[in-house]
Amino acid sequence: MTDKKDIRILAYESSCDETSTAVIKNGREIESLVVATQIKSHQRFGGVVPEVASRHHIEVITQITKEALSEAKVTWNDIDAIAVTYGPGLVGALLIGVSAAKAASMATGIPLIGVDHIMGHIMAAQLEDEIEYPALALQVSGGHTELVLMHDPINFEIIGDTRDDAAGEAYDKIGRVLGVNYPAGKTIDTWAHQGNDTFNFPRAMLEDDDYDFSFSGLKSAFINTCHHADQIGEKLDKYDLAASFQAAVVDVLSHKTIRAIKEFKPKTFVLGGGVAANRGLRERLEAEIGKLDNKPKVIIPPMKLCGDNAAMIGAAAYNLYKAGKFSGLDLNADPSLELPYADAILDR
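Residues numbered from 1 in each chain as written. Predicted model: local features only at pLDDT ≥ 70, side-chain atom pairs only at ≥ 80, totals over all residues. Heavy atoms only, no water.

This part is about unusual backbone geometry. The residue after Tyr 133, namely Pro 134, is reached through a cis peptide bond having omega 0 degrees. Tracing the chain through its elements places Pro 134 in the loop between α4 (117-123) and β6 (135-140). A cis geometry characterises the amide bond from Tyr 182 onward to Pro 183, with omega recorded as -10 degrees. For Asn 26, which is not glycine, the phi dihedral falls at a positive 55 degrees. Inspection of the secondary structure assignment puts Asn 26 in the loop between β2 (18-25) and β3 (29-37). By relative accessible area, which is 25% here, Asn 26 ends up partly exposed. Notably, Lys 73 is not glycine yet its phi reads approximately 60 degrees, a positive angle. Note that Lys 73 resides in the loop between α2 (50-72) and β4 (81-87). (Helix = DSSP H or I, 4+ residues; strand = E, 2+ residues; numbered from the N terminus. Buried < 20%, exposed > 50% of the residue type's maximum accessible area, 1.4 Å probe, protein only.)

Pasting the structure below:
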């Protein structure tokens, strides 16, 4: 028997190439977390193949639902809500999770909560420490690079966004040039710590008066440098290339984040998303924030919560549960779902 004063949420995440389930208690405690990764299936293609991802989700989602309940030592009777990522992401992949969650909700009568994937990444911080509001989040992943102002646990607005490639996407693209298997971020980060910033790649939009980002020019400069060297038979140091690329990314991300902290004066700063696992970015942000006179609390989730996982979805869903924000059985996948943009961005 479990104490019904506690709120337990069974969460599903299937937006890309990880199938995950979790049971989260009171929005803070991970009672179980199961992640079925597909990385090896996609590596030979150099990236995620949507149809392959969807088929893998179908194969494992029933089993990992059972595993999440079993590891948490609970039954369906102990679950207060069923949460699921409904966007953004790959539409076929999203539909597997949404369909599983809706079927479970229909069969059990347990209420359903649809969760924005980006909100989930940000709320992974809630599983690490209490977030004091207002807060500011830098969300950096393979598909998104955003600065997000968090007014409270459920009301977020984007104050800065990438105009083209996301940071994680750029890592994977330059990784291909260097012969690094997908996903390339971890290897590039490791190499960067063994090299020096000798190539002075561009820092796009560094001094612009907004909080937007652009990484396509950096990616192109990197690729052109490598191709030119190949054409003239020059061998470039892969460690220096990685260090130079990462320095350009981290310079822009940290510079704009610090400026946003100074302007909006958040009580908490959160780093979220897959690229939050990048050691160079974590170290730089902690160092730069540490120099500020009015420092916000800094929450950086552990590595296991930076990638796609259902625990973060359960954390976000708890806040929606407390606010009475439930979904109907007509919930559908929304691959282009976005958090709202601040008025200042919409006016540009």
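Back to the text.
Across eight bridges, β2 lies against β3 in antiparallel orientation. Its bridge partner being in β3, Val 23 is matched across the sheet by Ser 32. Counted between consecutive antiparallel strands, the loop separating β2 from β3 contains three residues, among which Asn 26 sits at a positive phi close to 55 degrees. (Pairing = 2+ DSSP bridges.)

In this section: the UniProt feature "domain: Gcp-like" (unreviewed entry) in the protein. Mapped onto this numbering, the UniProt entry gives "domain: Gcp-like" (unreviewed entry) at residues 32-314. Helix makes up 47% of residues 32-314 and strand 16%, with an end-to-end C-alpha separation of 11 Å. (UniProt positions renumbered as here; feature names shortened; annotations may be inferred.)

Bringing the pairing of β6 into the picture now. Along any regular strand, the residues point their side chains to alternate faces of the sheet. Among the six residues in β6, six count as buried, and that is most of the element. Taking every second residue as pointing to the same face, both faces of β6 are buried, with Ala 135, Ala 137 and Gln 139 on one and Leu 136, Leu 138 and Val 140 on the other. Direction of pairing for β6 relative to strand β7 (residues 145-150): antiparallel, over a ladder of six bridges. Along β7, the bridge assignment pairs Gln 139 with Glu 146. The antiparallel hairpin formed by β6 and β7 contains four residues in its connecting segment.

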